[in-house]
Amino acid sequence: MTEEQEFPAFPYEPYPIQIDFMKALYQSLEKGGVSMLESPTGTGKTLSIISSALQWVIDRKAKERSGVTSSDRVDANNGKACSDDEPDWMRDFTVNKNDNAHENNFKNTKSPFRLRKHANKRVSDGDLFLSDPKVDDLDSKKQRDEFVNKNHDTGLNDEEFLLEEYESEEESFRGERKSKRKSRGAFDSSSGDEVDEEGGSDEEDEGLKVFFCSRTHSQLSQFVKELRKTVFANEIKAVCLGSRKNLCINEDVLKLGNAVRINERCLELQKKKRPDISKLKNLGTNGRIRRTKAYLGCPMLRKHKLQREFKNEISQKGVMDIEDLVQLGRGMGTCPYYGSRRMLPAADLVVLPYQSLLSKPSRESLGLNLKNNIVIIDEAHNLADTLISMYDAKITLSQLDTVQCSIEKYLGRFRNLLGAGNRRYIQTLLVLTRALLKPLANDDNLNSVNDVQDTENLSASKSSGDSAMAINDFLFSLNIDNINLVKLLQYVKESNIIHKVSSYGDRVAMLQKDSATHEEMSTSTSFRAFSDMLLALTNNNGDGRIIISRQQGGHLKYVMLTGEKIFSEIVDQAHAVVLAGGTLQPIEETRERLFPWLPSNQLQFFSCSHIVPPESILPIAVSHGPSGRSFDFCYSSRSSMIQELGLLISNLVAVVPEGIIIFFSSFEYESQVYCAWNTSGILKRIMKKKLVFREPRRNTQVEVVLNEYREAIDRLSNASTGSQNGAIMLAVVGGKVSEGINFSDSMCRCVVMVGLPYPNPSDIELLERIKHIEGLGDLDSAKSSTSLVCESHYGEDVQAGFDILRTCKRRGKEYYENLCMKAVNQSIGRAIRHINDYAAILLVDARYSDDPSKRTSSHPRNKLPLWIKDCLVSSTKGYGEVHRLLHQFFRHRNRGN
């Protein structure tokens, strides 16, 4: 059926490889399951995805209307989640039509915890490991009233920080059931009183959807730009979702700059949404106090009617990207972040960043329903690492200290007003924070555990480096293994304790006019990090590692090692999951790390060649420089290569027209090279032919530098006089320039890859990941992953990392090599962007050259994309031959033009 399938939405005459790609994608969606589609950068991959996937959606809906696939109809009401980070009216708008049934189910469910207004019973000793015999049960109601009256005019309304009484699972079934409330997230204090009564009137049934996600904001904008070229722009309903940082229009919130602080401030404003009575002292002679009404919520969400109008505008204007949504929101004076989310139920296509779809908390927050829908993940070459990094958790020494001090102050203030249940859990939180501080406070706190622990799984923490431990070993070493972390985490969510304590700490700080400290790090930021770490500690022992570091002030970090269970949730729900990218090889590594349960023969894989003819590219492995020195950019010898590299570039600028992009392994090495060239005079020689630009470290400055680079090429390349004929960009592998930026035509006539950009082997997180991957597929992977070295302790040098790599037999070593070559392929793919483009690709290192004695699968040459590998000049007699090949290549291209 798919062989005769046509794709009329494709706006141009498609090339054969584009037709093949669209047919392969259509067939994958028809079949369902997991598929991987590889199409080199510059081959129109985005347009092919749009034309094929949306055509399939239209065809499927037509079949559903005719009753052909009624059994496969999407359950629109299944899987919707209630968000903990959105306004109440937003929750009411997105509520299911079956809410009453859900509510009845909730009432009939035996929740493990119960919140009670007035409870004087002692929590049973079985709840947590702690007991406090010195604490007597109190008449909470009486003492609350006395406390509020006593502090009525202090300027601090303590009543809002008091907790409702809490009882555990055991006690809740012994006594009479009391009224209960719905559980809330750790940072949600919304009461649910304010309801958008008209919100449900424009609710729509959800239909079949395509979720398209990519890594960066610019890549999503590019997708929308391509979508507008097709007829689907007017035929389907699409919505583009983004982060608060990109969509917020509240200037007071935006000026915070940091994404985390912007999120927290937005949530705080949602909790303070109702009009409030504020007492302000009159400075007049009578000394009276006057009362004024003040709206404490976000001004961009005051008028619910504007949010509905915003949604209608989106529907009428068609496909809009992030910039369009922001512009519309500013013009109407309403929030585009929440406004765009109102389009979700009606949308056929949802365009969103990786984090929003791959992270389960984010999916639940947005209410994304993947059930029987299509998920397309673009730029999926590093998907496994990207996925697990979303579940990392990190807390610094200063944040832990803030949490401990805040809990101690809160307990000191409210101890006599808290029932036994709350006191017990709060004291447990204190024990936990004090324990977590120990490994960061001194050098000897973990030494004693070596006497009782298996040294294969645990090492002493030393001040000169970092250490890694499994979760159970970490908990045992701190004597907190007997705390029921799952129950404690449930208490945190049910009781709202973190919001109460952090809000109290922030209010005290503001009243004390400690604004500098408050701006530097809010209490809620520290508690959010603490909550994330608490959640991380509830993971399975083998899923990740705890990193203990004393560098830069000290921190604890949980590093997730496996994404199998995380990704399986997406695969189980969706009808089809498509991984797309320019270079997805090796696919076996991805399968083993993300969906090992899927047999290799059931993984649908498609790869096409490049649309650019072979004569339009010239890839060369450059093994020697102009003076005859062999290029070796290994870590230990790369400093001695700087002069020879400078001579190479000095010669290139004379033969390569227009733009040259040079990729270095790191910002540090790029800076070292630039300074050395400047000192030796090489930079001056280069600039006689081309202007030199450098990729900035700050992403916010990249666009400015790129514009200057582009303008310089246009100006100098078209100039009738002058010796300069273009520009050079010094870029960094893994930086902004190497991913998502297109350097078509004159922007890049030659891309130079300096060395092999292997990751730093002293990175403890990388080494733990390598050890874990080495053990994949083994019967005893847990033991295998820890048996590579006797201790999980690493010094500041790279020798320990190399030692670990040498012990790897297959998977770990291959993963390390693949990280390098994926970065190489991603970088050099920036040059060729369309069928009439042309460029030279210089791989500058002797290790790229063909050596008959080293023709193994791990050779860098064998990990290049096929369209480059087939044309690669893998060995030359010297730089003279390289120069001759370049001269002929560009002379021929100029003649052709």
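Here the structure is shown first, and the text comes after it.
Bear in mind the structure is a predicted one, so any value in this text is a computation, not a measurement. (Residues numbered from 1 in each chain as written. Predicted model: local features only at pLDDT ≥ 70, side-chain atom pairs only at ≥ 80, totals over all residues. Heavy atoms only, no water.)

### A few points about the packing of aromatic side chains
Going through the model one piece at a time under the given rule, you end up with 17 aromatic pairs. Just above the ring of Tyr674 sits the side chain of Arg694; from NZ or CZ to the centre is 3.9 Å. Here the guanidinium or amino end of Arg749 rests over the ring plane of Tyr838, the centre of that ring lying 3.8 Å away. (Phe/Tyr/Trp six-rings, centres within 6.5 Å; stacked < 30°, edge-to-face > 60°. Lys NZ or Arg CZ within 6 Å of the ring centre and 35° of its normal.)

### Some thoughts on the pattern of salt bridges
Overall, the coordinates contain 28 salt bridges when judged by the stated rule. The partner of Asp378 in a salt bridge is Lys45, with the nearest N and O atoms 2.8 Å apart. With Asp378 in the loop between strand 9 (374-377) and helix 17 (383-389) and Lys45 in helix 2 (residues 45-65), the pair connects residues that are 333 residues apart, well separated along the chain. One exposure class covers both Asp378 and Lys45, and it is buried. Across the pair Asp252 and Lys255 runs a salt bridge whose closest N-O atoms are separated by 4.0 Å. Of the two residues, Asp252 and Lys255, neither departs from the other in class, the shared state being exposed. It is possible to trace a salt-bridge network through shared partners that takes in Asp385, Glu589, Arg593, Arg769 and Lys822. (Salt bridge = Lys/Arg side-chain N within 4 Å of Asp/Glu carboxyl O. Helix = DSSP H or I, 4+ residues; strand = E, 2+ residues; numbered from the N terminus. Buried < 20%, exposed > 50% of the residue type's maximum accessible area, 1.4 Å probe, protein only.)

### So, the sheet that holds strand 1 (residues 33-38)
Strand order in the open sheet made by the 7 strands is 5-8-4-9-14-1-15, with parallel pairing throughout. At either end of the open sheet lies a strand with only one pairing partner, and these are strand 5 (238-240) and strand 15 (604-607). On average, each strand axis in the sheet is inclined to that of its neighbour by 15°, with strand direction left out of account. (Pairing = 2+ DSSP bridges. Axes fitted to C-alpha atoms, helices over the stretch in contact; angles between N-to-C directions.)

### Some thoughts on the nonpolar core
One finds Leu349, Ile377, Tyr410, Phe474, Ile497 and Phe567 to be the most contacted residues of the largest nonpolar core, which totals 182 residues. Tallying contributions element by element places helix 19 (residues 420-441) first for this core, with 9 residues. Beyond its immediate sequence surroundings of up to four residues, Ile377 is in contact with Cys213, Tyr354, Leu358, Leu383, Phe567, Val578, Leu579 and Ala580. Tyr669, Leu842, Leu885 and Phe890 belong to the second largest nonpolar core, which has 39 residues in total. (Core = buried A, V, L, I, M, F, W, Y, C linked by side-chain atoms within 4.5 Å. Contact = heavy atoms within 4.5 Å.)

### Observations regarding the environment of Gly367
Considering the arrangement of structural elements, one finds Gly367 in the loop between helix 16 (360-366) and strand 9. Taking C-alpha positions, Gly367 is 9.5 Å from Pro345, a pair spaced 22 residues apart along the chain.

The values are spatial; any link to function lies outside them.
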